[in-house]
Amino acid sequence: MLGQDPDAAQELMHSWTAELSARAQAAAELSDRVATIAASATGADGAVRVTVAASGAVTDLRLDDRVQRIPGAELASIIMATIARAHVGLTEQVSIALHDTVGVDSETGRRHRLLRQAVPQHP
């Protein structure tokens, strides 16, 4: 029993401390990586280009002159679909960062997987 073996108890405490430190370092690395992620997508054969930041906010929208020939409602639909594709790219990058840092089987990885299942993934 651990209470009867001070060396074993000390080794267990060192092991827990090292594991917690490694998890904290992986979480910090994940946070740093996710903060810098951005994703872009194009629509209408490149006439529409959208970039989203890690927060999901649109940070750039570029429309070339070809969009002037697209009716307003159709252009709005193209822009929204392009934003959705950029969000899918963002989600994929977060998945890679999770895999590389805290692991997909961590609590964070499991929550991300549940979120991906709950949110529709557009092509």
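Residues numbered from 1 in each chain as written. Predicted model: local features only at pLDDT ≥ 70, side-chain atom pairs only at ≥ 80, totals over all residues. Heavy atoms only, no water.

### Considering the pattern of salt bridges
Opposite charge on two side chains lets them pair, provided their charged atoms get close.
Moving on, step 1. All chains considered together, the criterion is met by six salt bridges.
Moving on, step 2. A salt bridge links arginine 23 to glutamate 19, with the shortest nitrogen-to-oxygen separation between them at 2.7 Å. Here arginine 23 pairs with glutamate 19, and both are found in helix H1 (residues 6-35), just four residues apart, close to one helical turn.
Moving on, step 3. With a relative accessible area of 37%, glutamate 19 lands in the partly exposed category.
Moving on, step 4. We note a salt bridge from arginine 111 to glutamate 107, for which the minimum N-O separation is 3.0 Å. You can see arginine 111 and its partner glutamate 107 sitting in helix H3 (residues 107-118), four residues apart, about one turn around the helix.
Moving on, step 5. Given a relative accessible area of 41%, glutamate 107 falls into the partly exposed group.
Moving on, step 6. A network of salt bridges, in which partner residues are shared, links Glu107, Arg110 and Arg111. (Salt bridge = Lys/Arg side-chain N within 4 Å of Asp/Glu carboxyl O. Helix = DSSP H or I, 4+ residues; strand = E, 2+ residues; numbered from the N terminus. Buried < 20%, exposed > 50% of the residue type's maximum accessible area, 1.4 Å probe, protein only.)

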